[in-house]
Amino acid sequence: MTGDIGNAALTIAPKAASNLAKGVDMLNAGAYRDAKGYNVIQTTPGEAFSKALGFQPGSVAKIQEANAIHQREKNFYAINAAEIRAKWARGIFEKDPDMVAEARDALADWNEKNPDQRISPNMPAIMKKVREMGKSKDQRIADTAPKAMRAEMRRENAQVREGM
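Conventions we followed
Residues numbered from 1 in each chain as written. Predicted model: local features only at pLDDT ≥ 70, side-chain atom pairs only at ≥ 80, totals over all residues. Heavy atoms only, no water. Helix = DSSP H or I, 4+ residues; strand = E, 2+ residues; numbered from the N terminus. Rg over C-alpha atoms; globule rule 2.2 N^0.38 Å. Buried < 20%, exposed > 50% of the residue type's maximum accessible area, 1.4 Å probe, protein only. pLDDT = per-residue confidence, 0-100. Patch = residues over 30% accessible without salt bridge, like charges linked within 9 Å, V, L, I, M, F, W, Y side chains within 5 Å. Areas by Shrake-Rupley, 256 points an atom, 1.4 Å probe, with all protein chains shown as cover. Salt bridge = Lys/Arg side-chain N within 4 Å of Asp/Glu carboxyl O. Phe/Tyr/Trp six-rings, centres within 6.5 Å; stacked < 30°, edge-to-face > 60°. Lys NZ or Arg CZ within 6 Å of the ring centre and 35° of its normal.

S.K.: Where do I start with the overall build of the protein in this structure?
M.R.: Scanning the protein from N- to C-terminus turns up 8 helices and 2 strands. Going from N to C terminus, the protein has its helices and strands arranged as α-α-β-β-α-α-α-α-α-α. Here the C-alpha atoms of the protein give a radius of gyration of 25 Å, more than 25% beyond the 15 Å that 2.2 N^0.38 yields for 164 residues. Taken along its principal axes, the extent of the C-alpha atoms in the protein is 65 × 50 × 20 Å. Sorting the 164 residues of the protein into buried and exposed places 20% on the buried side.

Okay, structure coming up:
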């Protein structure tokens, strides 16, 4: 068994035990930390004590709420950008100028509605996606495998194709 057993134990521990452990960690670190151990915000001993008693300090609650909002915004942007780029790549791959035009229109529409969060077409990434679309699944898997495994995967794939 490997991994951070302390974090795993806190996940299944009763809430009171989890709050006490989190409060002690905050006191020792001088900060509220996320599940991965990264600092979220600097905290005071008083905030650590209140967390140990089961209360979420106001400063922690505010920063966590703001972070959640920002994460949702970031995810929304990333999903839309990925959808536009995927449609653009598919249009190029399928030699469908109407689909490419739809992607360009979607990009222009997004940028018009979101002038502070513009999406750029990123043509190198789109063309890479087009090249990937032309590969078979076994080629894509071998290409993204760790270097030590690639040659063996390619050999095995060639043998499977020969036997077809």
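From this point on, the discussion continues.
S.K.: Help me understand unusual backbone geometry in this model?
M.R.: Phi at K95 takes a positive value of approximately 55°, unusual for a residue other than glycine. If you trace the backbone, K95 turns up in the loop between α4 (58–93) and α5 (97–113). Positive phi values are uncommon outside glycine, yet N122 reaches one of about 50°. With respect to the secondary-structure elements, N122 resides in the loop between α5 and α6 (123–133).

S.K.: Sorry, what's going on with the environment of A101 here?
M.R.: Within the secondary structure layout, A101 lies in helix α5. Sequence separation between A101 and G30 is 71 residues, and the spatial gap between their C-alpha atoms is 54 Å.

S.K.: Is there a simple way to explain the confidence of the model for the protein in this structure?
M.R.: As a note on interpretation, predicted positions should not be read in detail where pLDDT is low. Taken residue by residue, the protein gives an average pLDDT of 91. The fraction at 70 or more is 92%. Of all helices and strands in the protein, the one with the weakest mean pLDDT is helix α1 (residues 5–12) (60), whereas α5 scores best (97).

S.K.: Where do I start with a nonpolar patch on the surface in this structure?
M.R.: Nonpolar side chains collect at one region of the surface, where F49, L53 and F55 lie side by side and expose about 370 Å² of accessible area between them. Looking at where L53 falls in the secondary structure, it is placed in the loop between α3 (45–52) and α4.

S.K.: Explain the packing of aromatic side chains to me, please; I cannot follow it from the model alone.
M.R.: Centre-to-centre distance and the angle between the planes together describe a pair of aromatic rings. Within the structure shown, the criterion is met by 2 aromatic pairs. On the basis of an interplanar angle of 65° and a centroid distance of 6.1 Å, the ring pair of Y77 and W110 is categorised as edge-to-face. Taken together, the residues span a long stretch of sequence, with Y77 in helix α4 and W110 in helix α5 at a distance of 33 residues. An aromatic cluster of three or more residues is present, and its members are F76, Y77 and W110. Above the ring of Y32, the side-chain terminus of K22 is found at 4.4 Å from the ring centroid.

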